[in-house]
Amino acid sequence: MSYPEQFTGFQAPSAEAWSDFRKQSWAPRPFGDADVDIQVECCGVCASDLHKIAGEWGACPYPLAVGHEVVGRVIRVGQGVTLAQVGQRVGVGAQVYSCLKCRQCRNGNETYCREQVDAYGAVYPGTDHVTQGGYSSHVRIHEYWVYPIPDGLDSAQAAPLLCAGITVFSPLKRFGAGLGKKVGIVGVGGLGHYGIILAKALGAEVWAISRTRAKEADARAMGADGFLATSEAGWSEPHAMTFDLIVNTASSSDGFDLGQYLSLLDVHGRWNSVGLPGGEGFAVRNQDFITNGCSIGTSHLGSRAEMLEMLALVAGKKLPSWVETIPLSKEGLQEAFDKLQTNRARYRSCMVDYEKQFGA
């Protein structure tokens, strides 16, 4: 199978004109013995993509193609590759490199490696190459960060799992969501809807927690056993000290009374935030921990082992994600990001029809 010397994709030109996506080409970094070239079939849309190209997270190396929920076919492998083969359908998430040697990597915590490299906008070790994301014809990835997609799992359904799905699956798995556990998912959005689906699949009693009841019917259809609306008076009192784990996926911390949420946790229960809202964040007081000795923290993506386990779980149980597809183009990307900004995506978008832009 042939492969191109240059990759092509839709790049944001600047922070001021980030939505003026331009179809441009670039030379990929030199091909290494552990590398895999993938012809992209589809790619999910994540809020991180918007934050990055809009300049909300600081300096950005424009022009930049974002997108880090990639599914495609392997068209080339390096001579040392053992984890992928030509013709295989695979996925790539938000991280594309770690050293694989440090304490964190050896302990299955490679997403916390100090040398970790993001799928886009980062400099790849030993080069001056800036990584480019999945709104592109191809991506070149170290084999460790390439995951086989199980048969029977639709590509557009699989793609958002590679960031949004694993972001919630990892804390659910690590912190014991399962039979006999009561788990809360704060926020019913792109991340939160996966939290509900995956926590339920792991066997937990699952409660969705949102500001209003506007998404209650959807949350229950996803598998939620119960629903709490935080705008209602006394919403937390009947459930005080009954939750084992709460995963916070909210995209905003405005008006967030963290203490009231923490009061839901049982003794030594855990609050884990995975959303990345802007602003100054939560006000944290020592007094909020005294009544139940609870803990708060966050987590970053998930390990290769967790990724493979999640994909097998979704495929084995035939768990449907709520994903809407949009054909890839400048206009298609603008539509997808507009839905993201206005909270109209239900509940994740995935760019498809790549062959119409880049050929078969």
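Residues numbered from 1 in each chain as written. Predicted model: local features only at pLDDT ≥ 70, side-chain atom pairs only at ≥ 80, totals over all residues. Heavy atoms only, no water.

If you look the protein chain up in an unreviewed UniProt entry, it shows as alcohol dehydrogenase (NADP(+)) from Cordyceps fumosorosea. Entered under Sequence similarities (unreviewed entry) in the UniProt record, the comment concerning the protein chain runs "Belongs to the zinc-containing alcohol dehydrogenase family." The record held by UniProt for the protein chain lists under Pathway (unreviewed entry) the comment "Secondary metabolite biosynthesis." (UniProt positions renumbered as here; feature names shortened; annotations may be inferred.)

Enquirer: Just to check I follow, could you spell out the pairing of strand β11 (residues 205–210) for this structure?
Expert: Strand residues, when the strand is regular, have side chains that alternate between the two faces of the sheet. The element β11 is extensively covered by neighbouring structure, given that five of its six residues are classed as buried. The pairing of strand β10 (residues 182–186) with β11 spans five bridges and is parallel. By the bridge assignment, Val186 is partnered in β11 with Ile209. Each parallel crossover has a hand, and for β11 linked through helix α6 (residues 216–222) to strand β12 (residues 226–229) it is right-handed. (Buried < 20%, exposed > 50% of the residue type's maximum accessible area, 1.4 Å probe, protein only. Helix = DSSP H or I, 4+ residues; strand = E, 2+ residues; numbered from the N terminus. Pairing = 2+ DSSP bridges. Right-handed = clockwise from strand over helix to strand, strands pointing away.)

Enquirer: Just to check I follow, could you spell out the nonpolar core for this structure?
Expert: Nonpolar side chains in soluble globular proteins generally cluster together in the buried interior. Formed by 94 residues in total, the largest nonpolar core has its most connected members in Tyr135, Leu172, Ile196, Leu198, Met310, Phe337 and Met351. Sequence-distant contacts of Leu172, defined by excluding residues within four places in its chain, comprise Ala177, Val183, Gly195, Leu198, Ala199, Leu202, Leu245 and Val247. Core analysis: the next-biggest nonpolar cluster, separate from the first, contains 17 residues, Val186, Tyr261, Leu262 and Trp271 among them. (Core = buried A, V, L, I, M, F, W, Y, C linked by side-chain atoms within 4.5 Å. Contact = heavy atoms within 4.5 Å.)

Enquirer: Is there a simple way to explain helix α5 (residues 192–201) in this structure?
Expert: In an α-helix, one turn spans 3.6 residues, which is why side chains three or four residues apart end up on the same side. Most of α5 sits inside the fold, with nine of its 10 residues counted as buried. Among all positions in α5, only Gly192, His193, Tyr194, Gly195, Ile196, Ile197, Leu198, Ala199 and Ala201 are buried. Gly203 lies just past α5 and shows a positive phi near 105°.

Enquirer: Can you help me understand the sheet that holds β10 in this one?
Expert: The strands making up a sheet associate through hydrogen bonds between their backbones, and the pairing can be parallel or antiparallel. Spatial strand order, β12-β11-β10-β13-β14-β15: six strands in an open sheet with parallel pairing. On the outer flanks of this sheet lie β12 and β15 (295–298), each paired with one strand and no other. Between one strand and the next, the sheet's axes are offset by a mean angle of 20°, whatever the strand orientation. With four bridges joining them, strand β14 (residues 265–273) and β15 adopt parallel strand pairing. The residue bridging Ser273 from the neighbouring strand is Thr298, located in β15. The strands touched by helix α4 (residues 164–174) are β10, β13 (243–248) and β14; relative to β13, the strand with the most contacts, the crossing angle is about 160°. (Axes fitted to C-alpha atoms, helices over the stretch in contact; angles between N-to-C directions.)

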